Amino acid sequence: MNTLDALAAAIVGGNASLAKTLTARALAEGVPPSRVLNDGLVAGMNVIGVKFKCNEFYVPEVLIAARAMMSAMAVLRPVLVNTGIKPAGRVVIGTVKGDLHDIGKNLVVMMLEGAGFETIDLGVDVKPEKFVEAIRSNKAQVVALSAILTTTMPAMAETLAALQAAGVRRRVAVIVGGAPVTQSYADAIGADGYAPDAVTAADKVKDLMKNAPRSSV
Amino acid sequence: MAGLKDMCSADDMDSATLLEQRSKRILQAVALDRPDRTPVVLEYAGFAARVTGTPLPEFLSSTTKSVQVMIEAFHRVGNADAVDYGSFSPYQLSYIWMSKVRVPGVDLPEEDMYQVAETELMTVEDYDFLLEQGWPSFYRRFMAERVLNDVPAERLPSGQPSVDVLSEWASHGIPVLRDGVVSTPFEFLCGARSLIGFFTDLLTIPDKIEEAMQIIMPHMAPAACRRAKQGGFPAVWVGGWRAAGRLISPSLWERFVWPYFEQLVHEVVDCGLIALLHLDSDWTRDLAYFRALPKGRCILSTDGATDLLKARDLLDGHMCLMGDVGAPMLAFGEPDEVYRYSTELVSRLGPSGFILHSGCDIPLDAKLANVQAMVSAAAG
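Figured I'd write up the structure that's included with this text. (Residues numbered from 1 in each chain as written. Chains lettered and ligands numbered in written order. Predicted model: local features only at pLDDT ≥ 70, side-chain atom pairs only at ≥ 80, totals over all residues. Heavy atoms only, no water.)

1. Here's the deal with the pattern of salt bridges
Moving on, step 1. Here the structure, examined in full by the defined rule, presents 30 salt bridges over all chains.
Moving on, step 2. Residue A:Lys206 is joined to A:Asp203 by a salt bridge in which the shortest nitrogen-to-oxygen separation is 3.7 Å. Of this pair, A:Lys206 and A:Asp203 are both found in helix α9 (residues 198-211), three residues apart, which corresponds to roughly one turn of the helix.
Moving on, step 3. With its nearest N and O atoms 2.9 Å apart, the salt bridge here joins B:Arg255 to B:Glu210. Here B:Glu210 lies in helix α12 (residues 206-216) and B:Arg255 lies in helix α14 (residues 250-256), a separation of 45 residues in the sequence.
Moving on, step 4. Given the relative accessible area of 28%, B:Arg255 is considered partly exposed.
Moving on, step 5. Classification of B:Glu210 by relative accessible area gives partly exposed; the value is 22%.
Moving on, step 6. Here the salt bridges do not stand alone but share partners, grouping B:Arg25, B:Asp36, B:Arg37 and B:Asp81 into one network. (Salt bridge = Lys/Arg side-chain N within 4 Å of Asp/Glu carboxyl O. Helix = DSSP H or I, 4+ residues; strand = E, 2+ residues; numbered from the N terminus. Buried < 20%, exposed > 50% of the residue type's maximum accessible area, 1.4 Å probe, protein only.)

Structure below.
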């Protein structure tokens, strides 16, 4: 097994220390950083996504894979920055105004980073204007909104309205999720996508980037 | 509370008779007999404040106030048979989640919803302290030092005058199903470590987790059962939220969830109580296991995520089902839609062994007309 295949396998197995070692080894062997990222780390996380969707893996397995991925990224990221390699896309993410829940949102962040996206995590209880500001300042292509309470779901619609009012709505794809959120609610408020779980969220963001590429703000 | 008497549906019948009639209907459903009609049980807290026009901080200020407001809300809805629980303090959530709760008027703006603020209050190293100290000592110190350390004693239920919840409701002819809550060690540890930390632990230090669970387990059911018996409540919650099969693999579930869950249910039932299985998230995959639980002594209460029709297929003639008009439908739907869905539940899951209910709590922002539509699907 070559180093990149072994790296992908270490990610799938959630072996953080091995993933870190193999990342350093691949770089030392002269493998281009972009290949380490795409053929090692992202390839491993893609396997995780497939296994999750066919109920072979569940949330704990996804979590330890993401932890291995982050461990490897700690080695790889400085090299990527120096070589000017761009992320798959830039996603602003946060839990909407009035809502303090962040577990689901954090899982989505892990899966997005595992898919090669750069995330700007605004945390919880995020006001609409803060989303607007982050989209602008980071030139994000996607914004992901989370809500876990029916009482805070309307803040998703408020955020979309704020994006519209600020003139950034057409330049950014919006994806929503959270326990009480449904596809029909996403449609009703005019979001571009809905995901019931973190793995689907990463897939959906990839689709949004592919099918409706957005220009920078 | 002015005018409450006028709103009370007990006008034509004295409270004792009404209480007996409603209780009988529910107990028949639990025992898998055929009641005169499908019973309907309400579960709510914040909704009571909103529907009665009570500011949330006032509603949450004392157990006594919560009981008054919840009873008033019951009458506003009208025609339901019982409530799941009859008093509320947001800090009750802290005790079962081992997490801080943020409360409107205290930590949040007055109009915001109370929420569990889940963070990693328990570290990996704390498992060793737990194993050394034993559960009662560890839990007491953990709650005092890390969870409730910034909550004045007078805000906690234990720092307030006690209320005879069951009698308060009974005087209005309304049965209350449960008082105490028990849950598996899985749920307590998951709340204290936070989901991300605990789910990682399940794979990285499984033997230590198992050891901790075995230390914790003997302390889960006895106090809640004793309290329910003393208070005269018929049921105890056996709760599950993060232990759902939707989230963890069959092998983890079989090792860390089911043996504990099954044991708790037997302990509750052996005390002569009904085990009210309050299950959030999707438990569909593992419903067949529930056939091992005592027949006619449990209520499977789901939140809309578990497939209740599949539950009926697997548990017909074995366990009463309760559900599952979901929070989004009650908040954002229309009465016709709620009535249609509720009627379908009644016709497909009744008439024996079914109780119509919301999926988990009726949300704070549920429309009163929607809740009334749910009730009317069973009560006419």
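After that view, the rundown keeps rolling.
2. Some details on helix α18 (residues 335-349) of chain B
Residue and element names in this part refer to chain B.
Moving on, step 1. The terminal C-alpha atoms of α18 lie 21 Å apart, and with 15 residues this matches the ideal 21 Å at 1.5 Å per residue to within 8%.
Moving on, step 2. Taken as a whole, α18 has its buried residues at Val-338, Ser-342, Leu-345, Val-346 and Leu-349. Each buried residue of α18 sits inside an arc of 100° when the element is viewed along its axis, so together they form one side. Exposed and oriented more than 90 degrees from the buried face of α18 are Asp-336, Arg-340 and Ser-347.
Moving on, step 3. Turning to α18, the residues buried within the fold contact α16 (308-315), β9 (320-325), α17 (327-332), β10 (354-358) and α19 (368-379). (Expected span 1.5 Å × (residues − 1). Arc of directions from axis to C-beta. Contact = heavy atoms within 4.5 Å.)

3. What to know about the packing of aromatic side chains
Residue and element names in this part refer to chain B.
Moving on, step 1. Evaluation of the coordinates by the stated rule reveals 25 aromatic pairs over all chains.
Moving on, step 2. Seen from their ring centres, Phe-59 and Phe-88 are 6.4 Å apart, and the 10° between their planes marks the pair as stacked. Note that Phe-59 is positioned in helix α4 (residues 56-59) and Phe-88 in the loop between β2 (82-83) and α6 (91-97), a separation of 29 residues in sequence.
Moving on, step 3. Phe-59 gets classed as buried once you look at its relative accessible area, which sits at 0%. (Phe/Tyr/Trp six-rings, centres within 6.5 Å; stacked < 30°, edge-to-face > 60°.)

4. Details of the interface of chain A and chain B
Moving on, step 1. Counting from both sides, the interface comprises 26 residues of chain A and, opposite them, 29 residues of chain B.
Moving on, step 2. For the pair chain A and chain B, the two sides together bury roughly 2,100 Å², of which 72% comes from carbon and sulfur.
Moving on, step 3. Salt-bridge contacts for B:Arg246 lead to A:Asp197; the nearest nitrogen and oxygen are separated by 3.5 Å.
Moving on, step 4. Where chain A packs against chain B, one counts seven residue pairs in polar contact (both at pLDDT 80 or more).
Moving on, step 5. Considering each element in turn, the side of chain A that touches chain B owes the most residues, six residues, to helix α4 (residues 59-83) of chain A. (Buried area = accessible area lost by both parts, 1.4 Å probe. Polar contact = N/O pair within 3.5 Å; in protein donor to acceptor, adjacent residues only side chain to side chain.)

What is shown is where atoms sit, not what they do.
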